[in-house]
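In case you want the letters, here they are:
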Amino acid sequence: MKSSMKRMLAFRRVLLIVLTALALILPVCMAEEMTLSRLDDDGYLYFMDYTGDYYSPRVVDTLRSVGYVDPGCSSFFTYNLDGEPITCRNYDFPHRVIGDDQTITGLNIVLHCKPEGKYESIAVADAVWCDQNDPMLRNGGPDTEGFSTAVLDMLPYQCMDGINEKGLFVSIMRLDIKEGDQPGKMGVASSMLLRYMLDDCANVEEAVAKVDTASVTPEDWQGCHFFVTDAAGSHVVIESRNGEVSLIEIDVVTNFYLGSDDMQDSARKGVLWEEAVGMVDENGEKLYRFGYGHGYHRFVTLASQLVRYQDKRYKEYRTLMPEETALILLRSALQNQYTEATGTSFTQYSVIYNNTHRTVKVWPFQNYNTAYMFDVTGAQLQ
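Residues numbered from 1 in each chain as written. Predicted model: local features only at pLDDT ≥ 70, side-chain atom pairs only at ≥ 80, totals over all residues. Heavy atoms only, no water.

A. Helix H3 (residues 189–200), seen in detail. The terminal C-alpha atoms of H3, which comprises twelve residues, lie 16 Å apart, in line with the 16 Å expected from a rise of 1.5 Å per residue. With eleven of twelve residues buried, H3 lies mostly within the body of the structure. The complete set of buried residues in H3 reads Ala189, Ser190, Ser191, Met192, Leu193, Leu194, Arg195, Tyr196, Met197, Leu198 and Asp199. (Helix = DSSP H or I, 4+ residues; strand = E, 2+ residues; numbered from the N terminus. Expected span 1.5 Å × (residues − 1). Buried < 20%, exposed > 50% of the residue type's maximum accessible area, 1.4 Å probe, protein only.)

And the structure:
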């Protein structure tokens, strides 16, 4: 009897040790359990169903140590021929292979999230922002021996655009901080706010109300602005400049302030000239005399084409076009590594979100021969 009792106590002690050890390593294991599946042949686009708790202090603290998220981009809003609101976007950033090899690369992940008590969403994340110093965070990286999904713990906060189950679309785009302006206080605040909007907001009105939260304030994210659209057709650009929030109802946005006048006035020989902020190359040298700033040429390219598709059946201004045409517009604003019109850049992917059906269609790494489509539940549709 005593021998049996001793064996039972010993078993319980071993069991307690094992359970304690499991509790300590569980956060790491949860990350390892999340699997990636490759979508394209070249390894630039993957799909991931995120099952961990990205609101845990461990993930959020790691995120805050990552640094700045710096996406370029062009976005516009329109309607397809079925009268459904669609939001279209190019994501531009020239990630380069680490070391002596400066070839442009990328690792973008279609990410499905369904956190408890929050809205389900499908989004596209730039995984390289998770750790730019990790040489495995590049095209084909997840297929490399030794790749650990643990480095993707913060991936829900690296989404550059996404849509939730209510049809709310949110995207993030950088802004150049002008001389005399206050820089953002937190480098990753904009990507955090994008996640909060997707998880908690059902429409544009609720997203606007979310711009000032307990975790993120307008002063934190004013190096970027947001393009937000919803299933009812509402669309707005949200900006924060020197802590003042502006809401601009517009159907196209790139990378310069829309809510304030960036024109620079100067007097020449007694005549007042109004000269815009010039576009510059990587060395800060002006390339054009005129232009409202970073992305102005892309803004004009898209805006001048959108107006050709105005739907005259409505009193308010709105546009209508086939989705194939919307893709043509996106491709007209494509950024490539061969020119330096506004500094070398690169379109990592193009997407069309359907606000009605809550879907995303992705063309990776400028390959427009093949698209990958998902609904908000993470199901691949083609």
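B. Molecular detail of the pairing of strand S8 (residues 169–174). Along S8, five of the six residues are buried, which leaves the element largely enclosed by surrounding structure. The turn joining strand S7 (residues 159–164) and S8, which pair antiparallel and follow one another in sequence, is formed by four residues; a positive phi near 90° is taken by Gly167. For S8 and strand S9 (residues 224–229), the ladder comprises six bridges, and the chain directions are antiparallel. In the sheet register, Ile172 faces S9, and the bridge partner there is Phe226. (Pairing = 2+ DSSP bridges.)

C. Local environment of the environment of Gly243. As for its placement among the helices and strands, Gly243 is situated in the loop between strand S10 (235–241) and strand S11 (244–248). Residue Gly243 is classed as partly exposed on the basis of its relative accessible area, which comes to 25%. In this structure Gly243 touches Pro218, Glu219 and Gln222, once residues within four positions along its chain are discounted. (Contact = heavy atoms within 4.5 Å.)

D. Spatial organisation of the sheet that holds S11. If you walk across this open sheet you meet the nine strands as S1-S2-S5-S6-S7-S8-S9-S10-S11, and the pairing is mixed. The open sheet is flanked by strand S1 (36–38) and S11, the only strands paired with a single partner. Neighbour-to-neighbour, the strand axes of this sheet turn through a mean angle of 20°, independent of strand direction. Relative to the sheet, H3 contacts strand S5 (108–113), strand S6 (121–126), S7, S8, S9 and S10, its axis offset from that of S7 by approximately 10°. (Axes fitted to C-alpha atoms, helices over the stretch in contact; angles between N-to-C directions.)

E. Summary view of the state of the cysteines. Tallied over the entire structure, the rule returns zero disulfides. A disulfide-free cysteine, Cys73 has its sulfur positioned 9.2 Å from the sulfur of Cys224, the nearest such atom. Since its relative accessible area comes to 0%, Cys73 is described here as buried. (Disulfide = S-S within 2.5 Å.)

F. Looking closely at the packing of aromatic side chains. Throughout the structure, instances matching the rule amount to 13 aromatic pairs. With 5.7 Å between their ring centres and 90° between their planes, Tyr54 and Tyr157 make a pair best called edge-to-face. Of this pair, Tyr54 sits in the loop between strand S2 (45–50) and helix H2 (57–64) while Tyr157 sits in the loop between S6 and S7; the two residues are 103 residues apart in sequence, bridging distant segments of the chain. With respect to burial, Tyr54 and Tyr157 carry one shared label: buried. Residues Tyr55 and Tyr196 carry aromatic rings whose centres are separated by 6.3 Å and whose planes lie at 20° to one another, so their mutual orientation is stacked. With Tyr55 in the loop between S2 and H2 and Tyr196 in helix H3, this residue pair connects regions lying 141 residues apart in the sequence. A relative accessible area of 29% places Tyr55 in the partly exposed class. A residue is classified by how much of its surface remains accessible, and Tyr196, at 9% relative accessible area, is buried. Chaining the aromatic ring pairs together yields one cluster made of Tyr50, Tyr54, Tyr55, Tyr157 and Tyr196. (Phe/Tyr/Trp six-rings, centres within 6.5 Å; stacked < 30°, edge-to-face > 60°.)

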